[in-house]
Every structure is written in structure tokens, then in C-alpha cells.
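Structural characterization, general
These are the residues of each chain, in order.
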Amino acid sequence: MARQTSKRQSMDRAAIQARLADARKFLDAAEMYVEENTVSSWKVAGSNAVHAGIAASDVICGVVLSECSRSGNHIDAVAVLVEATQPDTAPRKHLNALLADKSSYQYGTAGVRQDAAQALVEHAAKLVGEAERRAKR
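So, a few notes on the structure that sits alongside this text. (Residues numbered from 1 in each chain as written. Predicted model: local features only at pLDDT ≥ 70, side-chain atom pairs only at ≥ 80, totals over all residues. Heavy atoms only, no water.)

What follows covers the environment of Val39. Turning to its location among the elements, Val39 is positioned in helix H2 (residues 39–65). What makes Val39 partly exposed here is its relative accessible area of 38%. Separated by 36 residues in the primary sequence, Val39 and Ile75 have C-alpha atoms spaced 28 Å apart. Setting aside chain neighbours within four positions, we find Val39 in contact with Thr109 and Val112. (Helix = DSSP H or I, 4+ residues; strand = E, 2+ residues; numbered from the N terminus. Buried < 20%, exposed > 50% of the residue type's maximum accessible area, 1.4 Å probe, protein only. Contact = heavy atoms within 4.5 Å.)

On to the pattern of salt bridges. Counting across every chain of the model gives 10 salt bridges. For Arg8, the salt bridge is made with Glu67, and the minimal N-O distance between the two is 2.6 Å. Residue Arg8 is located in strand S1 (residues 8–10), and its partner Glu67 is located in strand S2 (residues 67–69); the two are separated by 59 residues in the primary sequence. The residues Arg8 and Glu67 share a single accessibility class, namely buried. (Salt bridge = Lys/Arg side-chain N within 4 Å of Asp/Glu carboxyl O.)

Position of Lys126 relative to the elements: it lies in helix H6 (residues 114–135). Along the chain, Lys126 and Lys93 lie 33 residues apart, while their C-alpha atoms are 10 Å from each other.

Contact geometry of H2 with helix H4 (residues 90–100) gives a least axis separation of 9 Å together with a crossing angle of 145°. Note on packing geometry: the crossing formed by H2 with H4 is left-handed. Only Leu95, Leu98 and Leu99 of H4 make contact with H2, whose side of the interface consists of Ala49, Val50, Gly53, Ile54 and Ser57. Residues belonging to the contact of H2 with H4 are distributed by class as follows: 6 nonpolar, 2 polar and no charged. (Axes fitted to C-alpha atoms, helices over the stretch in contact; angles between N-to-C directions. Left-handed = near helix turned anticlockwise from the far one by under 90°. Nonpolar A, V, L, I, M, F, W, Y, C, P; charged D, E, K, R; others polar.)

A word on the nonpolar core. A general trend in soluble globular proteins is that nonpolar side chains are found buried together. Counting 37 residues, the largest nonpolar core has Ala49 and Leu98 as the members making the most contacts within it. Every element with two or more residues in this core is listed here: helix H1 (13–34), H2, helix H3 (74–85), H4 and H6. Counting residues per element, this core draws most heavily on H2, at 10 residues. Leu98 has contacts with Ala49, Val50, Gly53, Leu120, His123, Ala124 and Leu127, leaving out every residue within four places of it along the chain. (Core = buried A, V, L, I, M, F, W, Y, C linked by side-chain atoms within 4.5 Å.)

With that settled, consider the packing of H2 against H3. Direction vectors running N to C along H2 and H3 enclose 45°, while the axes themselves pass 9 Å from each other. Regarding the angle of H2 to H3, the classification is oblique. Crossing hand, H2 versus H3: left-handed. In this structure, H2 uses Ile54, Ser57, Ile60, Cys61, Val64 and Leu65 to contact H3, whose residues at the interface are His74, Val80, Leu81, Glu83, Ala84 and Thr85. For the contact of H2 with H3, the residue count by class is 8 nonpolar, 3 polar and 1 charged. (Parallel < 35°, antiparallel > 145°, perpendicular 65-115°, else oblique.)

Take it as geometry only, folks, not as evidence of what the structure does.
Here it is as C-alpha cells:
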């Protein structure tokens with residue numbers, strides 16, 4: 001198998017479990033804040049959903065490849081996730097959806113709505129569920 005040129009970090013079982021705990025905590029926070037009725041709460045929910053999805057993606061890659069992306073470039077992270085999950089395209093779809101709205105929720109308020117934040121939480125929940133499923137193997 002040809003190696004990608006992106007920077008990667010090895011993951012052992014302990015690192016996978018720690019990152020899975022991160023993903024679950026971020027998702028729990030996202031689910032809590034998305035129910036509140038303020039823009040600032042929806043920003044927190046969306047931001048935590050993005051973090052949950054990234055952490056879950058790291059777990060999936062760690063379980064399958066024993067490594068995850070550490071390049072700082074989200075395109076590289078998606079590429080590693082694709083490598084780990086082919087031919088399944090759902091994980092890539094969920095991570096791309098989260099990354100597409102990352103800036104809005106972490107750095108601004110444009111487009112921050114409860115329904116949009118809820119959609120991000122749902123994408124994150126699917127990735128965390130997949131990460132939990134794979135980590136149990």
C-alpha cells in the first residue's frame with residue numbers, strides 16, 4: 001500500500017482509548033449546548049461537534065491504520081480517514097460536513113443557527129458511533 005506524504009502520528013491502544021474518551025466528551029457537550037436557546041450556546045455546540053468528529057476520525061484511523069493525521073491540514077485528515085474506511089464513504093461525508101462549518105462555529109457567528117448546529121451534532125454522533133463500534137473490535 002502506498003503511503004501518503006502527510007504527517008502522521010502512531011496510535012497505540014491507550015492513545016485510541018484516550019482519543020475516544022475525548023470524542024465522547026466533546027459530543028456530550030455538543031448535545032447539551034445545542035438544546036439551549038442562545039447563539040453562543042449553538043456556537044459551543046457546533047465547535048464541540050467539530051472536535052468530536054475530528055477525535056472520532058482519529059480513533060477510526062488509529063484502529064484501522066494504527067496512526068492518524070497530524071499534518072494540521074484537514075485535507076490530509078480526510079485523506080487518512082478515506083484510506084481507513086474505503087469503500088465506505090459515510091465517514092468522509094460526515095467529517096467533510098463538520099470541517100466545512102468549522103470556521104463559522106469557532107471564529108464567527110455568520111450562519112450560526114440551532115438547526116445548523118443540530119446537523120453538526122448529528123454528523124459528529126455518527127462518527128463517534130462508528131469510532132466506538134470499531135474500537136470494541
